[in-house]
Amino acid sequence: QVQLVESGGGLVQSGGSLGLSCAASGSISSINTMGWYRQAPGKQRELVAFITSSGIATIADPVKGRFTISGDNAKKTVNLHMNSLKPEDTAVYYCNARGRRSTDAWGQGTQVTVSS
């Protein structure tokens, strides 16, 4: 099994920046991709960004140009760098890891609140 621990998040004013970090432990050799999802109140969970073990990143359209993702494949860590934050970015952000042997792990979630 894979366990994920997130850190970062918090409260920031519109236009500000925040960073999120996530570290995997356990059966990390099974992980192929790591990424971030978010869920705002009353909305479905949505993809924010993910990165593959080969370093290929995918950024969702709503945050493209403002958010970047980076990772350390050896350590199985992933970071989300959020710039030019908007109130609509307010959500609980979840780290996700997927891979072999049906690996699909989620972090506990961390709150990001952007004030206008």
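Residues numbered from 1 in each chain as written. Predicted model: local features only at pLDDT ≥ 70, side-chain atom pairs only at ≥ 80, totals over all residues. Heavy atoms only, no water.

## Concerning the side chain of Arg66
Here's step 1: When you line up the elements, Arg66 lands in the loop between β6 (57–59) and β7 (67–72).
Here's step 2: Separated by 2.9 Å, the side chain of Arg66 and the backbone oxygen of Ser84 make a polar contact.
Here's step 3: Once residues within four sequence positions are removed from consideration, Arg66 is found in contact with His81, Met82, Asn83, Ser84, Leu85, Lys86 and Asp89. (Helix = DSSP H or I, 4+ residues; strand = E, 2+ residues; numbered from the N terminus. Polar contact = N/O pair within 3.5 Å; in protein donor to acceptor, adjacent residues only side chain to side chain. Contact = heavy atoms within 4.5 Å.)

## Some remarks on the side chain of Glu6
Here's step 1: Considering the arrangement of structural elements, one finds Glu6 in strand β1 (residues 2–8).
Here's step 2: Looking at Glu6, its side chain comes within polar contact range of the main-chain nitrogen of Gln108, at 3.4 Å.
Here's step 3: At 2.6 Å, the side chain of Glu6 and the backbone nitrogen of Gly109 are in polar contact.
Here's step 4: Discounting chain neighbours no more than four positions away, the residues touching Glu6 are Ser21, Cys22, Trp36, Tyr93, Tyr94, Cys95, Gly107, Gln108, Gly109 and Thr110.

## Quick word on the nonpolar core
Here's step 1: By size, the foremost hydrophobic cluster in this structure holds 30 residues, and its most contacted members are Leu4, Met34, Trp36, Leu80, Met82 and Tyr93.
Here's step 2: Only β1, β3 (18–26), β4 (31–39), β5 (46–52), β7, β8 (77–82), β9 (91–99) and β11 (110–115) provide two or more residues apiece to this core.
Here's step 3: Residue contacts for Leu80: discarding those within four places in its chain leaves Leu18, Gly19, Leu20, Trp36, Val48, Ala49, Phe67, Thr68, Ile69 and Tyr93. (Core = buried A, V, L, I, M, F, W, Y, C linked by side-chain atoms within 4.5 Å. Buried < 20%, exposed > 50% of the residue type's maximum accessible area, 1.4 Å probe, protein only.)

## What about the sheet that holds β1?
Here's step 1: Ordered by their spatial adjacency, 4 strands build an open sheet running β1-β3-β8-β7, and the pairing between neighbours is antiparallel. Of all the strands in the sheet, the pair left with one neighbour each is β1 and β7. Taken pair by pair, the neighbouring strands of this sheet meet at an average axis angle of 15 degrees, ignoring direction. (Pairing = 2+ DSSP bridges. Axes fitted to C-alpha atoms, helices over the stretch in contact; angles between N-to-C directions.)

## Here's the deal with the environment of Asn79
Here's step 1: If you trace the backbone, Asn79 turns up in strand β8.
Here's step 2: For Asn79, a relative accessible area of 22% corresponds to the partly exposed category.
Here's step 3: Placed 28 residues apart in sequence, Asn79 and Ile51 show a C-alpha to C-alpha distance of 9.8 Å.
Here's step 4: Side-chain polar atoms of Asn79 contact the side chain of Ser21, separated by 2.8 Å.

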